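Here's the letter readout for the chains.
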Amino acid sequence: MTDPKISESNGYRQMPALHFVRDAAYAFAHALSNVHKALCGGKPGLCEAMASMDGRILKEAMEKVHFKDESEKTFRFLPSGDAPPRYSIINFQKKSDSNEYVWRPVGTYALAEMGLPYLDLDKNALRFKHLEMEFPRSFCSAPCHLGQAKLQLEGDTCCWLCTNCSAYQYLPDPFHCEDCPLGTLPALPHKTRCDPIPEAYLSYSSPWALGTMAFAGMGIVTTIGVAVQFWKFRNTPVIKASGRELSGLLLLGESFLNFVH
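Residues numbered from 1 in each chain as written. Predicted model: local features only at pLDDT ≥ 70, side-chain atom pairs only at ≥ 80, totals over all residues. Heavy atoms only, no water.

An unreviewed UniProt entry annotates the chain as Metabotropic glutamate receptor 6 of Araneus ventricosus. According to the UniProt record, the Function (unreviewed entry) comment for the chain is "G-protein coupled receptor for glutamate. Ligand binding causes a conformation change that triggers signaling via guanine nucleotide-binding proteins (G proteins) and modulates the activity of down-stream effectors." (UniProt positions renumbered as here; feature names shortened; annotations may be inferred.)

Chemist: Which residues make up the overall build of the chain, and what are the values?
Modeler: A tally of helices and strands in the chain yields six helices and 11 strands. Put simply, 27% of the contacts in the chain that link residues at least 6 apart link residues at least 24 apart. Total accessible area computed for the chain in this model is approximately 20700 Å², and 62% of it derives from carbon and sulfur atoms. (Helix = DSSP H or I, 4+ residues; strand = E, 2+ residues; numbered from the N terminus. Contact = heavy atoms within 4.5 Å. Areas by Shrake-Rupley, 256 points an atom, 1.4 Å probe, with all protein chains shown as cover.)

Chemist: Could you give me a rundown of the nonpolar core, with the residues and numbers involved?
Modeler: In terms of nonpolar packing, the biggest core is built from 12 residues, these being Ala27, Ala31, Val35, Cys40, Cys47, Met50, Leu58, Ala61, Met62, Val65, Phe67 and Phe75. Among the elements of the structure, helix H1 (18–40) and helix H3 (55–63) are those that each provide at least two residues to this core. With four residues, the top contributor of residues to this core is H1. Beyond its immediate stretch of four places on either side in the chain, Val35 contacts Cys40, Met50, Met53, Ile57, Leu58 and Ala61. (Core = buried A, V, L, I, M, F, W, Y, C linked by side-chain atoms within 4.5 Å. Buried < 20%, exposed > 50% of the residue type's maximum accessible area, 1.4 Å probe, protein only.)

Chemist: Could you give an account of H1, naming the residues involved and the relevant values?
Modeler: Across its 23 residues, H1 extends 32 Å between first and last C-alpha, which sits within 8% of the 33 Å expected from 1.5 Å per residue. For H1, the full list of buried residues reads His19, Asp23, Ala27, Ala31, Val35, His36 and Cys40. Residues of H1 that are buried sit in contact with helix H2 (48–51), H3, strand S1 (66–68) and strand S2 (74–76). Downstream of H1 by a residue or two, Gly41 has a phi angle that is positive, lying close to 65°. (Expected span 1.5 Å × (residues − 1).)

Chemist: Which residues make up the packing of H1 against H3, and what values do they have?
Modeler: Where H1 contacts H3, the two axes come as close as 9 Å, and the packing angle between them is 120°. Here the hand of the crossing between H1 and H3 comes out right-handed. For the pair H1 and H3, the contacting residues are Ala27, Phe28, Ala31, Leu32 and Val35 in the first and Ile57, Leu58, Ala61 and Met62 in the second. Looking at side-chain class alone, the contact of H1 with H3 contains nine nonpolar, no polar and no charged residues. (Axes fitted to C-alpha atoms, helices over the stretch in contact; angles between N-to-C directions. Left-handed = near helix turned anticlockwise from the far one by under 90°. Nonpolar A, V, L, I, M, F, W, Y, C, P; charged D, E, K, R; others polar.)

Chemist: Go over the pattern of salt bridges with me, naming the residues and quoting the values.
Modeler: Pairing between side chains becomes possible if they bear opposite charge and their charged atoms approach one another. Using the criterion set out here, one finds four salt bridges in the structure. Asp23 is the salt-bridge partner of Arg22, the closest N and O atoms lying 3.8 Å from each other. Here Arg22 falls in the partly exposed class, since its relative accessible area comes to 23%. On the basis of relative accessibility, which here comes to 4%, the residue Asp23 falls in the buried class. Across the pair Glu63 and Lys59 runs a salt bridge whose closest N-O atoms are separated by 2.6 Å. In this pair, Glu63 and Lys59 both sit in helix H3, four residues apart, roughly one turn of the helix. (Salt bridge = Lys/Arg side-chain N within 4 Å of Asp/Glu carboxyl O.)

Shown next as structure tokens:
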């Protein structure tokens, strides 16, 4: 004998939107019950006051209805007159054992007891392209990195290409690169302005400067000493044989270099 009970075991399956119909019927029934109690004083049957009832009374009663539905969730109408949102979030996935694709529930969106919305999403159950778990990109172009300009595509203000500005260019706006004036460099890392190049020079009190001047002074003293000896013995055969005039020019040039340093 066939089981007369309506259940999934004998081939019946509840339609996804059936709970909306059920909640609507319950809301109307609760509103009528509340109106009957208010107008008829709890007397059974349809009283005269309810028979000639204004439709606005039933509407107000419907707006105040609240009850627990079959899933123990509170039902009440929103101030806008809509029923509370109850959505099942489904994800189109490929079966692991075949090439068939199915819709799988991965979460719900509804109102909590205090009327605040809440989202219950199982991120581990989500699957996207190539069974990836991360959300796919839902924008045309990613934001550019610091120091990059946006080159907008013709006729499309929502998409762009990112291009690097040169080492001596800055960004007057997000879409153009311009050269910095002479004596300035772009301010890193944003490159939205040009800053003056700081002056760098060697101070006389620096150890490097003192060491260089001491070394140059020793060279000058040594060169002068050699020049004095060269002049003193300029007529000797050794000085004449070494090229007196040419050696004098070399000493003069060396002295000049020491003074320059």
